[in-house]
Amino acid sequence: MKNQNTSVTYFLLFGFTYNLPIQMFLFFVFLFIYAITLMGNLIIMVVIKKNSHLQSPMYFFLSQLAFLDICYSSVTVPKVLVNFFDSQTIPYNNCITQMFFILLTGSTEGFILTAMAYDRYAAICNPLHYVETMNMLFCKQLVGSAWAISFFYATANTLPVLKLVFCGPNIIKHFSCELPSLLALSCTDTFRSKIMFFITGGVAGGFSFSLTLISYVNIITTILKMNSAEARKKTFSTCSSHLIVVVLFYGTGYFRYLRPNSASSIILDELFSVQYSISTPMLNPIIYSLKTKEVKEAIKKVIGQVVTHLRQLFK
């Protein structure tokens, strides 16, 4: 991935550059977040795999989301932790690679959330054909398509960056190598890169968000037509956790990537990037555990089995 036209061999990640006490505090905060992210999403994956009652399409997508959240968080957080106490440099090739995987995992997360929204639409709005529509083969095809489309999306936006010249400065005022931060440092015209990004981002992001929005419009319409208040409450509870995750992910992601330059702010960019790339992967398993009764009960059962096993070992 080396750019033969660039004189910059490394970049400096100057996100979260504060005095030592604050950096130490932030280090433990992000270490805690990363640990919870790994543990929470691994628990979700294990619980769904081991519990025969959680083998429906909804939980299949949830396990895929948990795996993706681990990948998404791992692209940036380990390097952030290293930067607090070690060199803040990142080699050119590593920076481009990180940018590629941020685009890949971030886009895939959007498509997985869309697949989950469609699953809820099929279950609530067309329940008689749900089993036939959301068969396991179709679910796997949706996940495979999400990764494939996101791979092409990430590649299409990475290749133009490789043709850009970076001759200095090499300071990225952010904690990771995201595409907008890199484009701002190029010595050459970035018009093609920006056009490619807005076209591919508009098509991919617009399609996934529109399908999610359409699914929820139909879901809410169907719920409002129900005669029983108890039925409305129970039905809405099955998709409320997913709706919260969608709002958190799309709200902050779109602001970071699609806001005009006039609205640029280093602090706001960092806050929103932390939300969708670091906090959201941690919050997803917590939200689903608290809002989804089946997952909550399955986790309690697993924890109970672990505690019982530990007690037997120490007797």
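Look up a bit, the structure's there.
Residues numbered from 1 in each chain as written. Predicted model: local features only at pLDDT ≥ 70, side-chain atom pairs only at ≥ 80, totals over all residues. Heavy atoms only, no water.

Undergrad: Provide a residue-level description of the overall build of the protein chain, including the pertinent values.
TA: Along the protein chain, the regular secondary structure elements total 10 helices and 3 strands. Secondary structure of the protein chain in N-to-C order comes out as β-α-α-β-α-α-α-β-α-α-α-α-α. Its C-alpha atoms give the protein chain a radius of gyration of 21 Å, near enough to 20 Å, the size a compact globule of 315 residues would have. Referenced to the eigenvectors of the C-alpha coordinate spread, the extents of the protein chain come out at roughly 65 × 55 × 35 Å. Residues classed as buried in the protein chain amount to 47% of the 315 residues present. Summed over all atoms, the accessible surface of the protein chain reaches about 16,100 Å², with 69% contributed by carbon and sulfur. For the protein chain, the distance from the average position of its 23 positive side-chain charges to the average position of its 12 negative side-chain charges is 5 Å. (Helix = DSSP H or I, 4+ residues; strand = E, 2+ residues; numbered from the N terminus. Rg over C-alpha atoms; globule rule 2.2 N^0.38 Å. Buried < 20%, exposed > 50% of the residue type's maximum accessible area, 1.4 Å probe, protein only. Areas by Shrake-Rupley, 256 points an atom, 1.4 Å probe, with all protein chains shown as cover. Lys, Arg positive; Asp, Glu negative; His and termini not counted. Charge placed at Lys NZ, Arg CZ, Asp CG, Glu CD.)

Undergrad: Got a sec to walk through the nonpolar core? Specific residues and values, please.
TA: In this structure, Phe11, Leu62, Phe166 and Leu182 are the most contacted members of the largest nonpolar core, which totals 59 residues. In terms of residue count, helix 3 (residues 92-125) provides more of this core than any other element does, 13 residues in total. If we skip the residues at most four places from it in the chain, Leu182 touches Phe11, Cys95, Ile96, Met99, Phe166, Ile172 and Cys177. (Core = buried A, V, L, I, M, F, W, Y, C linked by side-chain atoms within 4.5 Å. Contact = heavy atoms within 4.5 Å.)

Undergrad: Which residues make up a positive patch on the surface, and what are the values?
TA: Residues Lys234, Lys293, Lys296 and Lys300 make up a contiguous surface patch of positive charge. Per-element accounting of the positive patch gives the leading share, 3 residues, to helix 10 (residues 293-313). Counting through the fold element by element, Lys296 comes out in helix 10. (Patch = residues over 30% accessible without salt bridge, like charges linked within 9 Å, V, L, I, M, F, W, Y side chains within 5 Å. Salt bridge = Lys/Arg side-chain N within 4 Å of Asp/Glu carboxyl O.)

Undergrad: Tell me about the pairing of strand 1 (residues 10-13), residues and numbers included.
TA: Here 3 bridges tie strand 1 to strand 2 (residues 89-91), and the two strands are oriented antiparallel to one another. Bridged to Leu12 within strand 2 is Thr89. Examined bridge by bridge, strand 1 and strand 3 (residues 171-172) share 2 bridges and lie parallel to one another. Along strand 3, the bridge assignment pairs Leu12 with Ile171. (Pairing = 2+ DSSP bridges.)

Undergrad: Give me the lowdown on helix 2 (residues 57-85), citing residues and values where you can.
TA: Between its first and last C-alpha, helix 2 extends 43 Å over 29 residues, near the 42 Å set by a 1.5 Å rise per residue. Most pronounced at Ser74, the bend in helix 2 amounts to some 40°, and the proline Pro78 follows within four residues. Along helix 2, 21 of the 29 residues are buried, which leaves the element largely enclosed by surrounding structure. (Expected span 1.5 Å × (residues − 1). Bend = angle between axes of the 7 residues up to and from the residue.)

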